[in-house]
Amino acid sequence: MKRPEPVQVVKQRRDAALHALVDHVPYIKYLGLTFDRRGDELTGVLPFDEKLIGNPMLPALHGGVTAAFLEVTAIITLSWSYLWEDIESGSLDFDPGGDVRLPRLPKTVDFSVDYLRSGLPRDAYARARINRAGRRYASVHVEGWQDNRDKLFAQATGHFVMPQRR
Amino acid sequence: MSDLLTRARQFIEALPHSRDLGMTVSSIEDGVAVITMPFDPRLVGDPETGVISGGAVSALMDTCCGAAVMSHPDNGGGTATLDLRIDYMRGATPGQAITTRAECYHVTRSVAFVRATAWDDDTDNPVASATGAFTVEGKR
């Protein structure tokens, strides 16, 4: 039987892949959005920042920020799940020095956001569930919450066109 | 533009996130708002093509729809988004500003219905369109 890989090798490979996917997107950096990884599960983390405020009187997160946060979480989760097998098999090599050509990101066709309560001026979290991922199209549902996982402040559903394999 | 509408314009341009994205209100009256967001390399969502992220377009759409609701004569004050759906027809051309026109086409005692379209320099081919429902506030 094949010996399992050392845990550090596995973690390093997965984290390098996640960084390669996320780090070169300017808009993700602009929002300050990061991704927390547990195995193959990703959680989008949006740390609070003054520039993300919409209504300063409440104050509340801008509705557009909420939409953007959920949409980016959906795209990265979708791309991540699409790359997962190649990351695990090692056929995509994400060594920091390596110049890996990543597949293009999925393209949003439509995105529908349901605003359940106002976004508070504090950190927000989001997790996406891929309801269907075909060769050409995918349908993704995303949930966003702040203090309590059970009290969503927004949820969304979107459709995406998948990139073609290079 | 009346004093009220000038104030509404100033209010929208002062929202921290809208200000950070450089949004400018070119008109806001009777339930119709037109807002422009300049191209900004920080907002690029696809580094290979330089196309602006759909998320930034959402922020513009949401701001413009909210502005249209605020300027509708049947809405007494502020508003909040209940639901917003955006259709992305094509990527915006890198380097070009995006302009959105939103129209609040129906208002009840509690809900305002809005639709919006966004363009870059090619005004014959919309970049995105949106439909939304917003809260109506300050009315008895």
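Quick note: structure is the one above.
Calculation rules
Residues numbered from 1 in each chain as written. Chains lettered and ligands numbered in written order. Predicted model: local features only at pLDDT ≥ 70, side-chain atom pairs only at ≥ 80, totals over all residues. Heavy atoms only, no water. Helix = DSSP H or I, 4+ residues; strand = E, 2+ residues; numbered from the N terminus. Contact = heavy atoms within 4.5 Å. Buried < 20%, exposed > 50% of the residue type's maximum accessible area, 1.4 Å probe, protein only. Polar contact = N/O pair within 3.5 Å; in protein donor to acceptor, adjacent residues only side chain to side chain. Pairing = 2+ DSSP bridges. Axes fitted to C-alpha atoms, helices over the stretch in contact; angles between N-to-C directions. Parallel < 35°, antiparallel > 145°, perpendicular 65-115°, else oblique. Left-handed = near helix turned anticlockwise from the far one by under 90°. Salt bridge = Lys/Arg side-chain N within 4 Å of Asp/Glu carboxyl O.

**A look at the side chain of D46(B)**
Here's step 1: The topology assignment puts D46(B) in strand β3 (residues 44-46).
Here's step 2: Leaving out residues up to four positions away in the same chain, D46(B) has contacts with R104(A) and V51(B).

**Quick word on the environment of R129(A)**
Residues and elements named next belong to chain A.
Here's step 1: With respect to the helices and strands, R129 occurs in strand β4 (residues 124-133).
Here's step 2: Looking at R129, the relative accessible area reads 44%, which means it is partly exposed.
Here's step 3: Distance from R129 to T77, taken between C-alpha atoms, is 8.1 Å for residues 52 residues apart in sequence.
Here's step 4: In this structure, R129 is in contact with S139, V140 and H141, ignoring residues within four places of it in sequence.
Here's step 5: Here the side chain of R129 touches N131 through a polar contact of 3.0 Å, side chain to side chain.

**Quick word on the sheet that holds strand β5 (residues 137-145) of chain A**
Here's step 1: Pairing is antiparallel in the open sheet, where 12 strands are placed in the order β1(A)-β2(A)-β4(A)-β5(A)-β6(A)-β3(A)-β5(B)-β8(B)-β7(B)-β6(B)-β2(B)-β1(B). Each end of this open sheet is capped by a strand with a single partner; those strands are β1 (34-38) of chain A together with β1 (24-29) of chain B. Geometrically, the sheet is characterised by an average inter-axis angle of 20° between neighbouring strands, direction not taken into account.
Here's step 2: Pairing of strand β3 (residues 107-115) of chain A with strand β5 (residues 81-88) of chain B, which is carried by 5 bridges, proceeds in the antiparallel orientation. Bridge pairing in β5(B) links D114(A) to D83(B).
Here's step 3: Contacting β1 and β2 (32-37) of chain B, helix α1 (residues 3-14) of chain B runs over the sheet at an angle of about 145° to β1(B).

**Focus: unusual backbone geometry**
Here's step 1: The omega torsion across L58(A) and P59(A) is -20°, close enough to zero to call that bond cis.
Here's step 2: Considering the arrangement of structural elements, one finds P59(A) in the loop between β2 (41-46) and α3 (63-89).
Here's step 3: The residue D30(B) is not glycine, and still its phi comes out positive at about 50°.
Here's step 4: Relative to the elements of secondary structure, D30(B) occurs in the loop between β1 and β2.

**Regarding the packing of α3(A) against helix α3 (residues 54-70) of chain B**
Here's step 1: Contact geometry for α3(A) and α3(B): axes closest at 7 Å, N-to-C directions at 155°. The angle between α3(A) and α3(B) falls in the class roughly antiparallel. Judged by the sense of rotation from one axis to the other, the crossing of α3(A) with α3(B) is right-handed. Note on element contacts: α3(B) touches α3(A) through G54(B), G55(B), S58(B), A59(B) and D62(B), opposite G63(A), G64(A), A67(A), A68(A) and E71(A).

**Considering the pattern of salt bridges**
Residues and elements named next belong to chain A.
Here's step 1: Scanning all chains against the criterion turns up 15 salt bridges over all chains.
Here's step 2: For E41, the salt bridge is made with R127, and the minimal N-O distance between the two is 3.7 Å. Of this pair, E41 sits in strand β2 while R127 sits in strand β4, and the two are 86 residues apart along the sequence.
Here's step 3: Owing to a relative accessible area of 35%, E41 belongs among the partly exposed residues under this scheme.
Here's step 4: The class for R127 is partly exposed, based on a relative accessible area of 27%.

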